Amino acid sequence: FQIPTFKGDVLVWPEFWDLFTVAVHDNKMYSPVEKLVHLKGHFDGEAARSIRDLTTTADNYETAVKILKERFGKEKLRQESGEGVRFSTQNAATP
């Protein structure tokens, strides 16, 4: 399977993180530096900006994961964002 590019949509984060976890995060064959290279390689837009200042070192892999989970992985953000999507869809469907 292919890991998609994550651009910062909190509604897409759970799927992205699950796929990344299976392919890279839990893969014992990758060092932390390699994991960070893979992580940065699958990011674009807001997501890429959130960790762009981290140098590619072993110590920064866990730092990057923490930043990303705090930024995109909060359940409350997904619920609020999902409500906005539903509201926009309902308004668009109303004549």
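Visitor: Would you mind going over the overall build of the protein with me for this structure?
Guide: Helix and strand counts for the protein stand at five helices and zero strands. Traced from its N-terminal end to its C-terminal end, the protein shows the element sequence α-α-α-α-α. Each of the 95 residues in the protein was classed as buried or not, and the buried ones make up 29%. In the protein, the share of contacts with a sequence separation of at least 24, taken over all contacts with a separation of at least 6, comes to 52%. For the protein, the exposed area adds up to about 6,300 Å²; of that, 52% sits on carbon and sulfur atoms.

Visitor: Looking at this structure, I do not really get the packing of aromatic side chains. What am I missing?
Guide: Here a ring pair, both rings aromatic, is described through the centre-centre distance and the interplanar angle of the planes. Overall, the coordinates contain ten aromatic pairs when judged by the stated rule. Centre to centre, the rings of Trp13 and Phe16 are 5.9 Å apart; their planes meet at 40°, and the pair counts as tilted. Residue Trp13 and its partner Phe16 are located together in helix H1 (residues 13-25), separated by three residues, close to a single helical turn. One exposure class covers both Trp13 and Phe16, and it is buried.

Visitor: It is not clear to me how helix H2 (residues 32-41) should be interpreted in this structure. Could you clarify?
Guide: An α-helix turns once every 3.6 residues. As a result, residues three or four positions apart point the same way. When H2 is considered as a whole, its buried residues turn out to be Lys35, Leu36 and Leu39. For H2, the arc enclosing every buried residue in end-on projection is 100°, short of the 170-degree limit, so these residues lie on one face. On the buried face of H2, the contacting elements are H1, helix H3 (45-51) and helix H4 (58-72).

Rules and cut-offs
Residues numbered from 1 in each chain as written. Predicted model: local features only at pLDDT ≥ 70, side-chain atom pairs only at ≥ 80, totals over all residues. Heavy atoms only, no water. Helix = DSSP H or I, 4+ residues; strand = E, 2+ residues; numbered from the N terminus. Buried < 20%, exposed > 50% of the residue type's maximum accessible area, 1.4 Å probe, protein only. Contact = heavy atoms within 4.5 Å. Areas by Shrake-Rupley, 256 points an atom, 1.4 Å probe, with all protein chains shown as cover. Phe/Tyr/Trp six-rings, centres within 6.5 Å; stacked < 30°, edge-to-face > 60°. Arc of directions from axis to C-beta.

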